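# Coordinate analysis (summary)
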Amino acid sequence: MAIDEKMLEETASYIAIQRLLAAYADAVNRRAWGELPELFLEDARMEVTPLQRPPLEVTGPVAIGLFIQASIERFDFLEFVLLNSRLEIRLEAESARARNSICEYRRERATGKWTQVFGVYHDRYRRIDGRWWFEHRVFHPLAATGSDNLLFDVPPRLAALFSEPL
């Protein structure tokens, strides 16, 4: 089978987006908020849809970093882990979409209690001058263990979130 230019470009884009996701996870795990401007477009948006509260939205890499920092401040340990990623790359549009399943392992500073949160990101990426960036992220928490403030919300919400087209 001959490998054509489009296949090579799509493969390179896939690897670049996976590296972008890994860089995000690494920055969150190290709490390196100053690295987010290297990952997010200046007008990038992040939305979070908590189970029992109204959705939240922030715009721009600095605001996104401040939001995440405030959200995880109570944890003395947090490990953000990408579990699975399904990408659809649109080379002609210089864009891509993904559904990314994640888990956060964390320990509450005040109580020493360990919790896990499982969720899914619906992402949009933009390629500018050959480089891939986060353009828009929507995070849907799905379930948690060891926590009193998040409840399992399966299967209706889970089925809907994973059946959305990319």
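As shown above, the structure is provided for reference.
Report follows, based on the coordinates. Bear in mind the structure is a predicted one, so any value in this text is a computation, not a measurement.

### A short note on the sheet that holds strand 2 (residues 56–59)
Spatial strand order, 2-1-6-5-4-3: 6 strands in an open sheet with mixed pairing. Unpaired on one side and paired on the other, strand 2 and strand 3 (75–90) mark the two borders of the sheet. Between one strand and the next, the sheet's axes are offset by a mean angle of 15°, whatever the strand orientation. In this sheet, strand 5 (residues 114–128) lies alongside strand 4 (residues 95–108) in antiparallel orientation, the contact comprising 13 bridges. Paired with asparagine 100 across the two strands is tyrosine 121, which belongs to strand 5. Strands in contact with helix 1 (residues 5–30) are strand 1 (40–48), strand 3, strand 4, strand 5 and strand 6 (131–145); relative to strand 3, the strand with the most contacts, it is inclined by about 165°. Relative to the sheet, helix 2 (residues 61–72) contacts strand 1, strand 2 and strand 3, its axis offset from that of strand 1 by approximately 35°.

### Re helix 1
For helix 1, with 26 residues, the first-to-last C-alpha span of 37 Å sits near the 38 Å given by 1.5 Å per residue. Along helix 1, the positions that sit buried rather than exposed are Ser13, Ile17, Leu20, Leu21, Tyr24, Ala25, Ala27 and Val28. Contact partners of the buried residues in helix 1: strand 1, helix 2, strand 3, strand 4, strand 5 and strand 6. Taken from the residues just after helix 1, arginine 31 is the one with a positive phi, measuring 55°.

### Points about unusual backbone geometry
In this model, arginine 31 sits at a positive phi of 55°, which is unusual for a non-glycine residue. Residue arginine 31 is classed as partly exposed on the basis of its relative accessible area, which comes to 28%. Notably, aspartate 129 is not glycine yet its phi reads approximately 50°, a positive angle.

### Some thoughts on the pattern of salt bridges
Oppositely charged side chains are able to pair whenever their charged atoms sit close together. Scanning all chains against the criterion turns up 13 salt bridges. For glutamate 38, the salt bridge goes to arginine 131, with nearest N and O atoms at 3.7 Å. On the criterion of sequence distance, the pair formed by glutamate 38 in the loop between helix 1 and strand 1 and arginine 131 in strand 6 is long-range, its members being 93 residues apart. Judged by its relative accessible area of 46%, glutamate 38 is partly exposed. Between arginine 107 and aspartate 76 there is a salt bridge, and its shortest N-O distance comes to 2.5 Å. Separated by 31 residues along the polypeptide, arginine 107 in strand 4 and aspartate 76 in strand 3 bring together distant segments of the chain. Among the ionic contacts, a cluster of salt bridges with common partners joins Glu9, Glu94 and Arg127.

### Some remarks on the side chain of glutamate 108
Along the chain, the position of glutamate 108 falls in strand 4. Apart from the residues within four sequence positions on either side, glutamate 108 is in contact with Arg74, Phe75, Asp76, Lys113 and Thr115.

Scoring rules and cut-offs
Residues numbered from 1 in each chain as written. Predicted model: local features only at pLDDT ≥ 70, side-chain atom pairs only at ≥ 80, totals over all residues. Heavy atoms only, no water. Pairing = 2+ DSSP bridges. Helix = DSSP H or I, 4+ residues; strand = E, 2+ residues; numbered from the N terminus. Axes fitted to C-alpha atoms, helices over the stretch in contact; angles between N-to-C directions. Contact = heavy atoms within 4.5 Å. Expected span 1.5 Å × (residues − 1). Buried < 20%, exposed > 50% of the residue type's maximum accessible area, 1.4 Å probe, protein only. Salt bridge = Lys/Arg side-chain N within 4 Å of Asp/Glu carboxyl O.

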